[in-house]
Structure formats: C-alpha cells, structure tokens
Amino acid sequence: MPTRPDLRNVAIIAHVDHGKTTLVDAMLWQSGAFRANQEVETRVMDSMDLEREKGITILAKNTSVASHDAEGNPILINIIDTPGHADFGGEVERGLEMVDGVLLLVDASEGPLPQTRFVLRKALAKHLPIVLVVNKVDRADARIAEVVDETYALFMDLLDDDEADKLDFPIVYCAAKAGRASLNQPADATMPDSENLRPLFETIFTHIPAPSYEEGHCLQAHVTNLDASPYLGRLALCRVVNGTLTKGQMVAWCKRDGSVVNVKLSELLRTEALDRVPAESAGPGDIVAIAGIPEINIGETLSDPDNPLPLPLIHVDEPSISVTVGINTSPLSGRSGKNLTARLVKARLDQELVGNVSIRVLPTERPDAWEVQGRGELQLAILVEIMRRESFELTVGKPQVVTKTIDGKLHEPTERLTIDAPEEYVGAVTQLLGLRKGRLEQMVNHGTGWVRIEYIVPARGLIGFRTEFLTETRGTGIMNHVFEGYEPWAGDMRLRPTGSLVADRSGTVTSYALFNLQERGSLFISPGMEVYEGMIVGENPRQEDMDVNPTKEKKLTNIRSSTGDELERLVPARILSLEAALEFCREDECVEITPSEIRLRKVELDANKRARTRSRAKSA
C-alpha cells in the first residue's frame, strides 16, 4: 500500500505524572514552534483550568511538530497528548484511533504502574508499534536498568506467545524537562549524552510507520474528537483514512444510526503547533478539524456522496462507577447558582454525552435526578466540578459500583491497586485492605526503605479509601489503581467506621456552640456559616450519627464573670474538597454542590423521619 513519507502520527501514553505533557513542551520548543523570547506557560497543552490546578491531563489534545529526517526531508509529526489517569481511558482509546504508533513513557524511578499497564494494553490490542521512552533519567533516585527490565516483564505479561516479536522495541533515554534524549543508557541520575531531542525524533521517523492508504479509494474520514469555536460552531476532529478532503466539499455524513446525509464542509483547519490555521485540502493520514455539521458526533464517518463507506464505530470500555446527579433540593438552594432547574441539568448532561464517549446518563425514579456512569470517582468528580464552575447547583449521591449478572451470579468490578509506602506502614495498609476484601498479588522491597504492594480489590472497597490510606501512612503513601475486571460479589463491607454530626435546626453557626461541639468530633463548619436541619457539620468518632445544635448562643446576664470575656479557642474546620466529600458519604447521605459552597447533608433532612426509618430497619 502507498504511504505518506512526509507524515507521522504518534500518541504519547503513560501513567499520571510521568512527563507526557512536559515532553511535548520540549518537542514544540526544539521544532521552532515558539520564538526564542516568547513567553509560554509550562505544560502548554494542559489548557483547561482544572488541568493546571490538578497537574494532570484530562482531555486528549493534538498538536503538530515540523522536523526533518537525516537527509533533510521535511516531516510533520502529529502528536496526540493523552491523559494518564485510567478514569479518562475513553480519551486514550479515542486518541489511539488517530495514530500509527505510540511513545510509551515510563518514569526512571517509579517504573511501570497500573495505568502504564492500562494504556499499554490498549496500544497492544490495536497492534501499534511502540517506542519506549525512559523519562526523568536525571532523577536522584533513578534506577534505569531495573525499570527497563520491569517494562520487558510487563510486555511479556500482556503479550501472547505468538507476539514475541513485539518485544524488539527501541528504547530512548530522556530528560524531558532538560530537553535531552539519547539512545545510550546513561548511568543512574545522569543526563543523557545528547544536547537535544534529536535522537527521539530520529527514532520516531525510523520506527513509527508512515500513514498508509488505498490508491483510488473513495473518501473516508473518521471523527475522533469534538471541539467548538465561537465563530465556526462545532468542530469535528478527523483523521483522513483514504481520499482527500477539501474546503467547501460536499460529503456523505454516515451517522451512528446507519443513516447517510449529504452535507457541505464550510471550513477546513489544520493544526500548526498550538494554532488551527485554514487549509484548502487534506490527504490520507492528515488530522484536521472541519466545520459545517452542527450535529456530528464522535465515531461517525465522512465519506464519498456517490459511494458512502462508513468506518467502524469507536468502542470504549464500559463504566464501572455511578453517581446520582440531581437538582439542589436543600433549603439554601438558589443562593449562588444560576442554573437550577431539572431541564438545564439534563441538557448539560446530554451535552457532555456528545463529547465524552466513556460516560452514560440513565433515568431514575425521580424526574429531577439521573444516574451518571463513568470510569471512576475522579472522572465523575471532574464532570461535577466543571458543572459547578458553570454556575450549576447540584445534589450528588454517594458513588456506587455498576454490577453485572454473569451466569446467574452477581458480579462487581475489581481494581488492580499498587501502593508505594515506607516499610513501617505496611502492616497498617495490609489491615486496611483486609477489611476491604483485598487480595494480595505481589510485594516487592526495593531496599530503599519503601515497599511496593499490589492488590486486587473490589472497586467499592476503594471508595473512601484514599483519605484513610493517607492518614495511616502520615501522608507519605502513594496509591494508583486501574480497572481489572469483574469478579463475583465479595460480600458486605464496613467501609466507614465513623458517624456524622448532623445539625438539628437551621440558623447561623456560633463560636460558642462550636467550642462545646469540637470535643465531640472533627468539624466541617466555621462560625458565621449558615446551616439547616439535616446538614452534616462534622464527623463523629463513633459509628452512629449524632444530632447537634451548632447555632447555640451564649446566655447573656447582668452578672459579670471572671472568665466571661475569655475567647473560645477553636480548632480550625476541616475543609473537604469535592472528591473528599464524595468519598465521605454514606448511602443515606449526599453532597450539595453550589458555585460557592460544598456541603454534606442527609438525603432525608427531617430528623424524626430518619429516626423512624432507622427503627423500622432495626425491627426488620
């Protein structure tokens, strides 16, 4: 088949924080995409506010780098920067549809981690050639040779017996922050012997195949992502598989439901570094953005009007975690948000379905609440946080696992959990995971005072685990997990041993009341805040809930006391993030989310009704 020797399409895949976006920065700088004196933010591809705040990539994005081979022939490299977190695996699967090979980044100290396994498994399933990039070789704790051996072991674990030829992959040793790469293995904690990334570029030209196409085949372009422009409306990002796309062309739009509609392309845009520039045409292998089809969706095909041939739809892994999202029904609703009604919430969730192929929205018994299914807690928390910043007010329930019935038996999703912790905390971690029905798979002591432990744990056992884990390891432990598969239901778990302090009336919080309450448990509120009946104001060390009065005022008398003017010394309130609030919830609790506040509350606000429900449950 003929190829495009002037083009390479490559995706960068890795575990979280192994340096994908930093490497793209260095490639852009060294290709001359920016002026020498231009001010450019670090991790320039992480353009969302949330991506910069959390330091992770959430959406897959593409850029292009102009370079040349050893003979001086110009070559354009289209780069897809993918998320490393398994919760955003739909972005990875979508990005791999656009490329002909991948760069697998592995940290020279941490080595392969669960999400390295996840993204590598996806790339191997698509039979894509792989270049291993060992990044951060200049780290003080780098162990380069061991990490390469661990990566070979991971490949052997994922490959079938007849795929041994895939173990013959090239290795590039890189310090992305310094913009240096080498084909020679450096000593630990030393810079690569090259002064730039030229060895990496040459490896891409040599080992990543050029896009191939069928001569004389009709037009086929696959829609793999969506974007929007304030001037052009919805943009569809396409990879041209066969034929040629031109501006103003009439094409056949092959929809998901099998129907075909002829439409005209109003605009054709090509990516140059970080900018989209108008183009007249695009050939096989090109990744372009087109405008003019407002209702187009991911996975659909643009083809020849005379002979429309749709490409296969993009399939992604099924969701494993769900939450219930509904309108804000608390007494304080409408104070800070603008989008309050069920119609607006449903419209926003439907809008998310258009660009996010890995979530689902299902109806519930209530007309003002919906079940939103996704890959993990982080993905769902990110969606809720984006809606919050768009001035929505929501009520979000406790995360639940999505179960399946297989051969007449109930099955639940399991996760492969990898923990790095100091040796002295191994006992505490083992005890925590024993309560969560975890199954120990592997334990490795690197001899540095740290131990790596691998577990298979039911996904519901990890809901709320992170907070307890960080407490037990004094904030030193590192945990990562990725979806493993479905196993039979593991039985009941007692996940949260503590109860809640629940306000028994509405009013304004006083420091006098908090001074007396702080002995009862950890508080989430501060003086001056407004509370309502049924709102959770703190955590009770005991298992049962306790109704308290955080609005109690000091009685005034006309008699002076020697201690009357002493200040109440309050312990600072524990401020919960959105993810921490979702983890804290029990089945009968939910999170009230507004643009200005995150509050925990009981699903049933009335204390008497809750008491009757508890008594009926005990008698049953």
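Overview of the structure. (Residues numbered from 1 in each chain as written. Predicted model: local features only at pLDDT ≥ 70, side-chain atom pairs only at ≥ 80, totals over all residues. Heavy atoms only, no water.)

### Overview of the sheet that holds strand 3 (residues 74–81)
Logical step 1: The strand order across the open sheet built from seven strands is 2-3-1-4-5-6-7, with neighbouring strands paired in mixed fashion. On the outer flanks of this sheet lie strand 2 (61–68) and strand 7 (180–182), each paired with one strand and no other. Going from strand to strand, the sheet's axes swing by 30° on average, the running direction of each strand aside.
Logical step 2: Two elements, strand 1 (residues 7–14) and strand 3, share six bridges in a ladder whose sense is parallel. What sits directly across from Leu7, in strand 3, is Leu76.
Logical step 3: Against the sheet, helix 5 (residues 144–158) touches strand 4 (101–107), strand 5 (130–135) and strand 6 (171–175), its axis set at about 130° to strand 4.
Logical step 4: On the sheet, helix 6 (residues 198–207) packs against strand 1, strand 2, strand 3, strand 4, strand 5, strand 6 and strand 7 and is oriented at approximately 100° with respect to strand 2. (Pairing = 2+ DSSP bridges. Helix = DSSP H or I, 4+ residues; strand = E, 2+ residues; numbered from the N terminus. Axes fitted to C-alpha atoms, helices over the stretch in contact; angles between N-to-C directions. Contact = heavy atoms within 4.5 Å.)

### Quick word on the side chain of Gln373
Logical step 1: Looking at where Gln373 falls in the secondary structure, it is placed in strand 20 (residues 369–374).
Logical step 2: By relative accessible area, which is 7% here, Gln373 ends up buried.
Logical step 3: Among the polar contacts listed, one links the side chain of Gln373 to the side chain of Glu371, at a separation of 3.0 Å.
Logical step 4: Leave out the neighbours within four places in its chain, and Gln373 touches Pro319, Ile321, Ser322, Ser358, Ile359, Arg360, Leu362, Leu380 and Val402. (Buried < 20%, exposed > 50% of the residue type's maximum accessible area, 1.4 Å probe, protein only. Polar contact = N/O pair within 3.5 Å; in protein donor to acceptor, adjacent residues only side chain to side chain.)

### Observations regarding the packing of aromatic side chains
Logical step 1: Per the counting criterion, the structure on display carries five aromatic pairs.
Logical step 2: Arranged with centres 4.9 Å apart and planes meeting at 25°, the rings of Tyr152 and Phe169 form a pair that is stacked. Taken as a pair, Tyr152 in helix 5 and Phe169 in the loop between helix 5 and strand 6 lie far apart in primary sequence, 17 residues in all.
Logical step 3: Look at Tyr152 and you get partly exposed, because its relative accessible area is 26%.
Logical step 4: Plain terms: the ring middles of Phe524 and Phe584 are 5.3 Å apart, the flat faces sit at 85° to each other, and that makes the pair edge-to-face. Of this pair, Phe524 sits in the loop between strand 30 (522–523) and strand 31 (530–531) while Phe584 sits in helix 12 (residues 578–584), placing them 60 residues apart in sequence.
Logical step 5: The buried category is assigned to Phe524, whose relative accessible area is 10%. (Phe/Tyr/Trp six-rings, centres within 6.5 Å; stacked < 30°, edge-to-face > 60°.)

### Examining helix 4 (residues 114–125)
Logical step 1: Between the first and last C-alpha of helix 4 there are 17 Å, a value that for 12 residues agrees with the 16 Å anticipated at 1.5 Å per step.
Logical step 2: In terms of residue burial, helix 4 counts as a mostly covered element, since 10 of its 12 residues are buried.
Logical step 3: Of the positions making up helix 4, those classed as buried are Pro114, Gln115, Thr116, Arg117, Phe118, Val119, Leu120, Lys122, Ala123 and Leu124.
Logical step 4: With its phi angle positive at about 55°, His127 sits one or two positions after the end of helix 4. (Expected span 1.5 Å × (residues − 1).)

### Topic: the pairing of strand 19 (residues 360–363)
Logical step 1: Here four bridges tie strand 19 to strand 20, and the two strands are oriented antiparallel to one another. Paired with Val361 across the two strands is Val372, which belongs to strand 20.

### Focus on the nonpolar core
Logical step 1: The biggest cluster of nonpolar side chains holds 36 residues, and the ones touching the most others in it are Leu104 and Val134.
Logical step 2: The set of elements that each furnish at least two residues to this core consists of strand 1, helix 3 (89–96), strand 4, helix 4, strand 5, helix 5 and strand 6.
Logical step 3: When near neighbours in sequence (up to four residues on either side) are disregarded, Val134 contacts Val106, Ala108, Ile144, Val148, Ile171, Val172, Tyr173 and Cys174.
Logical step 4: Counting 32 residues, the second-largest nonpolar core is a separate cluster that includes Val361, Leu380, Ala381 and Leu394. (Core = buried A, V, L, I, M, F, W, Y, C linked by side-chain atoms within 4.5 Å.)

### Re the pairing of strand 3
Logical step 1: A large share of strand 3 lies buried, amounting to six of its eight residues.
Logical step 2: Two elements, strand 2 and strand 3, share eight bridges in a ladder whose sense is antiparallel. Each bridged residue has a counterpart across the sheet, and for Ser67 the counterpart in strand 3 is Ile75.
Logical step 3: Hairpin connection of strand 2 to strand 3: five residues between the antiparallel strands, including Gly72 at a positive phi of 90°.

### What to know about the state of the cysteines
Logical step 1: Overall, the coordinates contain zero disulfides when judged by the stated rule.
Logical step 2: Counting only cysteine sulfurs, Cys254 is the nearest neighbor of Cys218, a cysteine outside any disulfide, at a range of 9.0 Å.
Logical step 3: What makes Cys218 buried here is its relative accessible area of 14%.
Logical step 4: Classification of Cys254 as buried rests on a relative accessible area of 4%. (Disulfide = S-S within 2.5 Å.)

Just geometry here; none of it tells us what the structure is for.
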